[in-house]
Amino acid sequence: MGNKKIQLYFKAMLFLVLASFFVSKLGFVLSKSNSGDFTWRGFYAQKKQSVDLLFFGNSHLGNGLDGALLNSKNKINAYTLYSSGQTIPQTYYNIKEALKYQTPELIVIETFSITGDSIYFLGPESIAESELPLRIKHQSFDSKKFSVLKIEEFNDLYTPTDFFDIWFPYIKNHANWNDFEEIKSNLNVKGLENYFGTSNSIWPLNKSMAAKYKTTNFNIGNFNIAERQRRYLDEIVKLAKRNNIKILLLTMPYYNVFRDKIEYSSINKAISTYATSREIDFLDLNQVFPDLEYHYFSKEDIGHNQHLNYKGAIKITNYLSKYLNENYRIKSSTSNLQSLPEYFLYNDLLKKDSIDDGSKLIGYIDRINGSVSKTYRIKQGETPVIFDGWMLLEDKKAEDNEMFVGLIKSTDFIYVSKEQQFSRKIRKDVSKHFEKEKLYDGSGYQIRINSYLLEKGAYKIYLIIRNREGNVAVKWTGKRIEIE
């Protein structure tokens, strides 16, 4: 009788898991946008055996790396599988899943996945490291494809109480059923094949919040890698060696005021010692950039969890680009970067003032912060930089195109405006001027960039358009700004 009950239990469980294979597809439709969702959807959109380099980690990596910049500058196909709060056990299963589709030359693991899942940040009165519960978020799990490996991961890392949340994500997202805009947005995501898994903040930490780091007691002592973390790290090393893949452990920059108040050397020493013992590489960017100022970091609550903003990501990604070239010389014959504005700003600028069918980019910056001058000077942090103007592709409906400005200071600092900084403006005068009734009405734009997101120096300004097919056109405006 007991055996029959057990058999019925397992049959019921099997039915629920199989059912979840179908209904979990609703999970991403109802979910609020999150890092794990889009990174996995973008990963599955890549052609098989086309990814040269894979990054794994949590939000420190996803915010601190600029994937479009790295790929454009190195002409490779690197992809970042990050998710908020990702732990090393989750990273292990993420690598196993990724290797079913790709065989990269190098795997880079961001180390806050080790330190973040640790008693180190819980204070000296906390429980023993050996008793620390596995504190994991579901973003790293929900959007992975259903497979035997996914069941294995659930059995290893989650508890029975997680069953419905894990396998039926539409249940935990039921509050979003009436959010039609979010559902529409999730259903209409395009261009995932040119999404490389990173998401950069446009909100710099301000001076008053930065000052609080000087008065906050973080109460943090020495760090050691826990046995559980070490065990999964060892499994990752074995997995990589079996597949002839190199590993690089990467520590992203901490805010220097915070770093100077903790026993940071114990973090570096623990990870460096582990890397040496396993004959893998380790790069600590805190040693490369020991004095990054507060405006390279994102505006967020004061704590141990600092993230770089877009300016910080540009700075460290340019360094990482050179580091990877010098130490690994990864070459790609499969990278397809023609839909990235960064590709043309770094590589092919003068040859791309029209899209593939010959339609030229036409446009102008009417005003910079209200001025019609060709060169505009602004003191960093005093005001945002505001561009007002219009741009279009000849004989194309203006609303069908994405618009950007590109600001070139040097080959080590190029800023491409983000969607959140863009507002479309109606410009019936442009349609009238070109005698194109209504076609160019949506050609107006205003783009606002916090001047703290730009390094000091002189910039040439470019207009950029990308159409729905991913074709890009770039044009110099003849105008400049200087950040003082």
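Analysis parameters
- Residues numbered from 1 in each chain as written.
- Predicted model: local features only at pLDDT ≥ 70, side-chain atom pairs only at ≥ 80, totals over all residues.
- Heavy atoms only, no water.
- Helix = DSSP H or I, 4+ residues; strand = E, 2+ residues; numbered from the N terminus.
- Buried < 20%, exposed > 50% of the residue type's maximum accessible area, 1.4 Å probe, protein only.
- Contact = heavy atoms within 4.5 Å.
- Areas by Shrake-Rupley, 256 points an atom, 1.4 Å probe, with all protein chains shown as cover.
- Phe/Tyr/Trp six-rings, centres within 6.5 Å; stacked < 30°, edge-to-face > 60°.
- Lys NZ or Arg CZ within 6 Å of the ring centre and 35° of its normal.
- Pairing = 2+ DSSP bridges.
- Axes fitted to C-alpha atoms, helices over the stretch in contact; angles between N-to-C directions.
- Core = buried A, V, L, I, M, F, W, Y, C linked by side-chain atoms within 4.5 Å.
- Expected span 1.5 Å × (residues − 1).
- pLDDT = per-residue confidence, 0-100.
- Parallel < 35°, antiparallel > 145°, perpendicular 65-115°, else oblique.
- Left-handed = near helix turned anticlockwise from the far one by under 90°.

## Digging into the overall build of the protein chain
Looking only at helices and strands, one finds 19 helices and 14 strands in the protein chain. Relative to its full complement of 484 residues, the protein chain shows a buried share of 55%. Counting contacts in the protein chain only where the partners sit at least 6 residues apart, residues at least 24 apart contribute 79% of the total. Roughly 22,600 Å² of accessible area belongs to the protein chain as shown, and the carbon and sulfur atoms make up 50% of that amount.

## Considerations on the packing of aromatic side chains
Within the structure shown, the criterion is met by 26 aromatic pairs. Taking the centre distance of 6.1 Å and the plane angle of 70° together, the rings of Phe112 and Tyr254 count as edge-to-face. A residue pair is termed long-range when its members are at least 10 positions apart, and Phe112 in helix H7 (residues 112–115) and Tyr254 in the loop between strand E4 (246–251) and helix H14 (256–261) qualify at 142 residues. Summarising the burial analysis for this pair, Phe112 and Tyr254 share the class buried. The rings of Phe112, Tyr213, Phe218, Tyr254, Tyr255, Phe258, Tyr264 and Phe297 are connected pair by pair, giving a single aromatic cluster. Seen from the ring of Tyr310, Lys418 lies directly overhead, with NZ or CZ sitting 4.1 Å from the centre. Sitting above the plane of the Trp476 ring, Lys460 keeps its charged end 4.3 Å from the centroid.

## Re the sheet that holds strand E5 (residues 281–284)
The strand order across the open sheet built from five strands is E2-E1-E3-E4-E5, with neighbouring strands paired in parallel fashion. Of all strands in the sheet, those with a lone pairing partner are strand E2 (78–82) and E5, marking the two edges. Averaged over all neighbouring strand pairs, the angle between strand axes comes to 20°, with direction disregarded. Sheet topology places E4 next to E5; four bridges connect them, and they run parallel.

## Details of the nonpolar core
Of all hydrophobic cores here, the largest spans 80 residues; its most connected members are Phe43, Leu53, Phe55 and Leu324. Not counting residues up to four positions away in its chain, the partners in contact with Phe43 are Leu54, Tyr79, Leu81, Ala98, Tyr101 and Gln102. In terms of nonpolar packing, the next biggest core, distinct from the first, is built from 47 residues, Tyr376, Ile378, Leu463 and Ile481 among them.

## Considerations on helix H15 (residues 264–278)
Taking 1.5 Å as the rise per residue, H15 with 15 residues should run 21 Å; its terminal C-alpha atoms sit 22 Å apart, in good agreement. When we look at burial in H15, the residues that qualify are Tyr264, Ser266, Ile267, Asn268, Ala270, Ile271, Tyr274 and Ala275. Where the residues of H15 are buried, they touch H7, helix H13 (227–242), E4, H14, E5 and helix H16 (285–288). Looking one or two residues beyond H15, the residue adopting positive phi is Glu279, at roughly 60°.

## Focus: the environment of Phe422
Relative to the elements of secondary structure, Phe422 occurs in strand E11 (residues 422–425). Contacts of Phe422, omitting those with residues within four sequence positions, involve Met403, Tyr445, Gln446 and Ile447.

## Remarks on the confidence of the model for the protein chain
Averaged over the protein chain, the pLDDT score is 86; the fraction of residues at 70 or greater is 81%. Segment residues 182–187 is flagged for pLDDT under 50; beyond a separation of four residues in sequence, or across chains, it makes 16 contacts in the model.

## Quick word on the environment of Phe141
Looking at the secondary structure, you find Phe141 in the loop between H7 and helix H8 (148–157). Here the alpha-carbon distance between Phe141 and Trp40, two residues 101 residues apart in the chain, equals 9.2 Å.

## What to know about the packing of helix H6 (residues 88–98) against H13
At a minimum axis separation of 8 Å, H6 and H13 run at an interaxial angle of 20°. In terms of axis orientation, H6 runs roughly parallel to H13. The handedness of the crossing between H6 and H13 is left-handed. Between H6 and H13, the contacting residues are Ile88, Pro89, Thr91, Tyr92, Tyr93, Ile95 and Lys96 on the first element and Gln229, Tyr232, Leu233, Glu235, Ile236 and Leu239 on the second.

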